[in-house]
Amino acid sequence: MIVGSIARRYAKALLAIGIDNKQFERFGKELDQFASVLNDSQELQDVLANPSQPLSTRRGIVEAIIKRMRPSPTMQSFLLLLMDRERMSYIPSIAREFQTMADRHAGRVRTRISSAFQLDLATVTRLKKALEEKTGKQVILEQSVDPDLIGGVVAQVGSYVYDGSIKTTLSQMRQSLLEGKI
């Protein structure tokens with residue numbers, strides 16, 4: 001089975017429980033927090049994925065992390081289930097899938113905007129409002145700066161890319177000149 005389908009199956013089950021308990025937002029935060037702990041330590045990832053380490057040892061490590069994080073009882077059970085089923089390496093993928101499904105359920109869309117320089121708050125607010133009108137959903141913006149764009153903004157909403165950068169405009173003009181269209 002591919003990683004994506006396994007991750008989707010676990011994420012879907014956790015989301016269903018979260019929706020039933022009206023705690024899916026909390027579960028998403030807790031899962032992201034645990035995934036962050038894993039992502040921050042290659043050594044931890046290696047130990048938890050190493051089948052030569054006894055399962056009881058690896059489970060003890062996960063229990064210690066859980067004790068420090070203090071997640072909900074449901075999340076504790078979920079993480080221990082993943083440990084018992086040798087699925088700890090799937091947690092980052094499960095967290096991404098869960099976030100996508102939870103956003104869809106809540107009517108949100110995550111959008112990445114890149115600009116040549118840091119945008120001021122008024123510009124970000126206008127962009128967010130325009131994207132919300134375009135998508136009909138609540139927009140969660142993630143900003144980045146890419147000096148190669150020269151100017152303008154590139155917004156990625158799901159699989160759609162709205163490219164208003166000067167770099168792309170210049171590239172299109174260059175192509176048109178080479179093809180003799182201008």
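Refer to the preceding data block for the structure.
Residues numbered from 1 in each chain as written. Predicted model: local features only at pLDDT ≥ 70, side-chain atom pairs only at ≥ 80, totals over all residues. Heavy atoms only, no water.

1. Thoughts on the overall build of the chain
Summing up its helical and strand segments, the chain has eight helices and four strands in all. Scaling as 2.2 N^0.38, a compact globule of 182 residues should have a C-alpha radius of gyration of about 16 Å, whereas the chain reaches 21 Å, well beyond that. Across its three principal axes, the chain shows a C-alpha extent of roughly 70 × 35 × 30 Å. For the chain, with 182 residues in total, the buried portion stands at 32%. Summing over all exposed atoms, the chain offers an accessible surface of approximately 11,300 Å²; the carbon and sulfur share of this is 53%. Averaging the positions of the 26 positive and the 20 negative side-chain charges in the chain gives two centres separated by 5 Å. (Helix = DSSP H or I, 4+ residues; strand = E, 2+ residues; numbered from the N terminus. Rg over C-alpha atoms; globule rule 2.2 N^0.38 Å. Buried < 20%, exposed > 50% of the residue type's maximum accessible area, 1.4 Å probe, protein only. Areas by Shrake-Rupley, 256 points an atom, 1.4 Å probe, with all protein chains shown as cover. Lys, Arg positive; Asp, Glu negative; His and termini not counted. Charge placed at Lys NZ, Arg CZ, Asp CG, Glu CD.)

2. Concerning the sheet that holds strand 3 (residues 153-157)
Backbone hydrogen bonds hold the strands of a sheet together, and the pairing may be parallel or antiparallel. What the four strands build is an open sheet, ordered 2-1-3-4; its pairing is mixed. At either margin of the open sheet sits one strand with a lone partner, and together these are strand 2 (138-145) and strand 4 (160-163). Taking the axes of each pair of neighbouring strands and ignoring which way they run, one obtains an average angle of 20° across the sheet. Both strand 3 and strand 4 contribute to a ladder of four bridges, which runs antiparallel. Looking at strand 4, one finds that A155 is bridged to Y162. Against the sheet, helix 6 (residues 91-106) contacts strand 1 (108-115) and strand 2, and its axis sits at roughly 110° relative to strand 1. (Pairing = 2+ DSSP bridges. Axes fitted to C-alpha atoms, helices over the stretch in contact; angles between N-to-C directions. Contact = heavy atoms within 4.5 Å.)

3. Side note on the layout of surface pockets
Left-over empty space is what a probe sized like a water molecule reveals as it rolls over the atoms. Computed from the structure, the largest pocket encloses a volume of approximately 440 Å³. Contributing to the lining of the largest pocket are 15 residues, with T100, D103, V109, R110 and G158 lying nearest its centre. Broken down by secondary-structure element, the contributors of at least two residues to the lining of the largest pocket are helix 6, strand 1 and strand 3. Class assignment of the residues belonging to the lining of the largest pocket gives a composition of two nonpolar, five polar and eight charged. (1 Å grid on protein atoms, 1.4 Å probe; cavity = no way out; pocket = protein on both sides within 12 Å on 5 of 7 lines; lining within 4 Å. Points joined across faces, edges and corners; volume = space filled by probe spheres on them. Nonpolar A, V, L, I, M, F, W, Y, C, P; charged D, E, K, R; others polar.)

4. Comments concerning the nonpolar core
Judged by nonpolar contacts, the single largest core of 32 residues is most densely connected at L31, F34, I91, I94 and F98. Sorting the residues of this core by element identifies helix 1 (3-20), helix 2 (24-39), helix 3 (42-49), helix 4 (55-69), helix 5 (73-84) and helix 6 as the ones contributing at least two each. Within the second largest apolar cluster, nine residues are counted, among which are I113, V124, V153 and A155. (Core = buried A, V, L, I, M, F, W, Y, C linked by side-chain atoms within 4.5 Å.)

5. Thoughts on the packing of helix 2 against helix 5
In contact at an axis separation of 10 Å, helix 2 and helix 5 are set at 45° when each is read in the N-to-C sense. What the angle tells us is that helix 2 and helix 5 run oblique. As for how helix 2 packs across helix 5, the hand of that crossing is right-handed. Contact with helix 2, carried on its side by F27, E30, L31 and F34, involves T74, M75, F78 and L79 of helix 5 and no other residues of that element. Classifying every residue of the contact of helix 2 with helix 5 by side-chain character gives six nonpolar, one polar and one charged. (Parallel < 35°, antiparallel > 145°, perpendicular 65-115°, else oblique. Left-handed = near helix turned anticlockwise from the far one by under 90°.)

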